[in-house]
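Structural overview
The lines below spell out each chain.
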Amino acid sequence: MPKRLRQQASVAQGRTLISRTDLAKPLVKVFYWGVFAILFFGTITTFLPLLWGFMGALKTPREIFAFPPTLFPQPALNPFKWQWANYIEAVKLINYGKYFFNTLVLAIGVWFFQLVPSAMAGYAISKLRIPFMRVITVLFFASLMVPFQAILIPLYLTVIDLPIFHINLLTPGLGGGFLAIMLPAGVNAFNIFVFRTFFDQIPTDLIEAARIDGASEWRIFLFIVVPLSQSIIAVLTIFSFVATWNDFMWPYIVLGEDFQTIMVRLYHFQNLAEVSRNIVLASLMVSAIPPMLVFLIFQRRIMQGIALSGLKF
Amino acid sequence: MRVSLLPKRIQEFYHARLIGPIFLLPAVLCFAFFSWRPVLWSFWISFHRYDFAMKEKATFIGWENYRVLLSDQYFYQSWFNVILYVVLGLLIGYLLPVVLAIAVNEMRHLKGYLRLGLFLPAMLPLVVVAIMWKYLYTPSEGFFDSIVKLLGFEPVRWLQNGKTAILSLVIMSTWKNAGWTMIIYLAGLQGVPPQLYEAAEIDGANLWQRIRHVTIPQLLPLMMIMFILQIIGTFQIFTEPFIMTEGGPANKTLTVLMRIYQYAFRYFDYGVATAMGLTLFVVLVSLSIIWFMVAKRVGRST
């Protein structure tokens, strides 16, 4: 089909507030371009602070506070032109490699605990026989009403002295707080709910057939159910990684010095008196790169995912 | 056929009864340790003296922790601040994403660019945004105050000024979050049946009437959810004031969660901290329950 015809067809199908005939009227046209201009200005206001930060990292400390303010580094104020070296300096000073590695390891652990128990529980609720089904599901979903911040202190007291085992998860020998972030990540009623809803759509006949063929529930789960759920797992994985990368309060409280994530490290770094602001700005920019890359690469998936699970945030 | 050493009856029992609970077990353990027990334990701790030095022998002290809270002026101050935060956040940031979503959805030019551009701040980590905006807000010398000075006004001193501190934080939060919420509404808008607009247009409804009688009713369930989520989220605000103002100036931006944090990790008084956490717990759960009742009534009437 020629492009124009296809466009017309899609407009007729997915029409919105303003129709094509509306748009031909001059008044509507003016209004439309007015709104367009406002939105375009909106994208400038979202972009400007980021550009200011990026450019600030290329300036000398003196110029960041120059009056009148500059956006692009001015040659007069920068004897060595744009200070690209600031970025290298920031990566070195903040010890980026080490904290990147910490964050990555933590993200993998959190990912495991956010997905595996939830997927198994979702499967059990959807397809297996369990006693006290109602009570258990209500207890799971009741936890959605209890924000983790409201039980922050008992949770902290739990991880420094785990009941029954009586171990302190914050000691360096036990991962310096990594476990204190990973294990509570298993509390995720939202993921259980998403998985259950998804598994409900998998025909029970398919699973029955596999059972008759002699496959165990583990095999069915691993080789039939999980591969069928790739799309949902992909979305939850992306969100899990980004959330761990960006998380601050709980990691700040529980992580030992050698186990900090990038965000916790950034907080301490910008508090140091000897670090100047252009270096801090540079370190902010390099710390924002990984989640931004993830967003840009998986844009389409994420937009779909927000529609599905954006309510979580 | 699989070969098993177990007697047949045990095998049958396993397949019929045991496999379900086994699949449920990891989640149940996580919930038991890190959700259900902490909630119940909260009530116990709040009636005990439970500090760092004597972790082993917590002593029962009745309502003492709550008495301490009620005589603490910062308890009231932090609740007042947070409520102000919620109200300002709703005034400035609640309708903005709806408007943006409806507008972006109508665009026939650069739609992808506009969507991504407005979404940009949502891609940045909160800590990065908070530190960057702290610099932008630097009194007199920062970017914003420089512009204010260029326009010929007195510097506002944003975060250092008791009158504008919370407002400055709310502006930053709105900048950061509006794009994310906009995407949720955009997804919701795709579910509005085009026939409704078609019918409205044939009936001669103008733009505003179409928004008022077609778009808004269709988005209403989503708008109600976002309303309660924004309130609950703002009540728990911590990172922004913690990084940008440390609660200052003169505790004007101290939040409930920051006060809990101070009790626990500055004074090591876990009893009072937990009691204060319970006040937050009670408020948030009551809000959720009220919301559910209202949502049910609205759902029935439409």
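For the structure, see preceding data.
The sections below set out a description of the structure shown in this document. Treat the numbers as computed from the prediction; the structure is a model and nothing was measured.

Thoughts on the overall build of chain B
- Within chain B, the secondary structure is distributed over 13 helices and 2 strands.
- In terms of overall dimensions, chain B is more spread out than a globule: its C-alpha atoms have a radius of gyration of 26 Å, far above the 19 Å expected for 302 residues.
- Overall, the C-alpha framework of chain B stretches about 75 × 60 × 40 Å when taken along its three principal axes.
- For chain B, restricting intrachain contacts to residue pairs at least 6 apart in sequence, the fraction spanning at least 24 positions comes to 64%.
- Taken as a whole, chain B presents about 14,600 Å² of accessible surface, with 66% of it coming from carbon and sulfur.

Describing the pattern of salt bridges
- Enumeration over the complete set of coordinates arrives at 8 salt bridges over all chains.
- When the shortest N-O distance is used, the salt bridge between R210 of chain B and D22 of chain A registers 2.9 Å. With R210 of chain B in helix α10 (residues 207-235) and D22 of chain A in helix α2 (residues 20-24), the pair connects residues from two separate chains. D22 of chain A carries the same exposure label as R210 of chain B, and that label is buried.
- Its salt-bridge partner being D258 of chain A, residue K98 of chain A comes within 3.1 Å of it at the nearest N-O pair. With a gap of 160 residues between them, K98 of chain A in helix α6 (residues 96-127) and D258 of chain A in the loop between α14 (249-254) and α15 (262-271) connect regions that are remote in the sequence.
- Taken together, the salt bridges that share partners define one network made up of D22 and K25 of chain A together with R210 of chain B.

Examining the environment of Y197 of chain B
- Within the element layout of this structure, Y197 of chain B appears in helix α9 (residues 194-202).
- Once residues within four sequence positions are removed from consideration, Y197 of chain B is found in contact with R15, T16 and L17 of chain A together with V192, V214 and T215 of chain B.
- Among the polar contacts made by the side chain of Y197 of chain B, one reaches the side chain of T215 of chain B at a distance of 3.0 Å.

A few points about unusual backbone geometry
- Cis rather than trans, the peptide bond between G248 of chain B and P249 of chain B has omega equal to -10°.
- Residue position: P249 of chain B is located in the loop between α11 (239-244) and α12 (256-265).
- Residue H166 of chain A is not a glycine yet carries a positive backbone phi of 50°.
- With respect to the element layout, H166 of chain A can be found in the loop between α8 (152-160) and α9 (178-182).

So, the interface of chain B and chain A
- Counting residues at the interface gives 101 residues for chain B and 105 residues for chain A.
- The largest per-residue losses of area from chain B upon contact with chain A belong to F23, F34 and Y135 of chain B, which jointly make up 9% of the total buried on that side.
- Remark: the boundary between chain B and chain A carries 1 salt bridge.
- Applying the counting criterion to the chain B and chain A interface returns 16 residue pairs in polar contact (both at pLDDT 80 or more).
- Here the element with the most residues in the side of chain B that touches chain A is helix α1 (residues 8-46) of chain B; it accounts for 24 residues.
- Of the residues that constitute the side of chain B that touches chain A, the class distribution is 75 nonpolar, 14 polar and 12 charged.

What counts and what doesn't
Residues numbered from 1 in each chain as written. Chains lettered and ligands numbered in written order. Predicted model: local features only at pLDDT ≥ 70, side-chain atom pairs only at ≥ 80, totals over all residues. Heavy atoms only, no water. Helix = DSSP H or I, 4+ residues; strand = E, 2+ residues; numbered from the N terminus. Rg over C-alpha atoms; globule rule 2.2 N^0.38 Å. Contact = heavy atoms within 4.5 Å. Areas by Shrake-Rupley, 256 points an atom, 1.4 Å probe, with all protein chains shown as cover. Salt bridge = Lys/Arg side-chain N within 4 Å of Asp/Glu carboxyl O. Buried < 20%, exposed > 50% of the residue type's maximum accessible area, 1.4 Å probe, protein only. Polar contact = N/O pair within 3.5 Å; in protein donor to acceptor, adjacent residues only side chain to side chain. Buried area = accessible area lost by both parts, 1.4 Å probe. Nonpolar A, V, L, I, M, F, W, Y, C, P; charged D, E, K, R; others polar.

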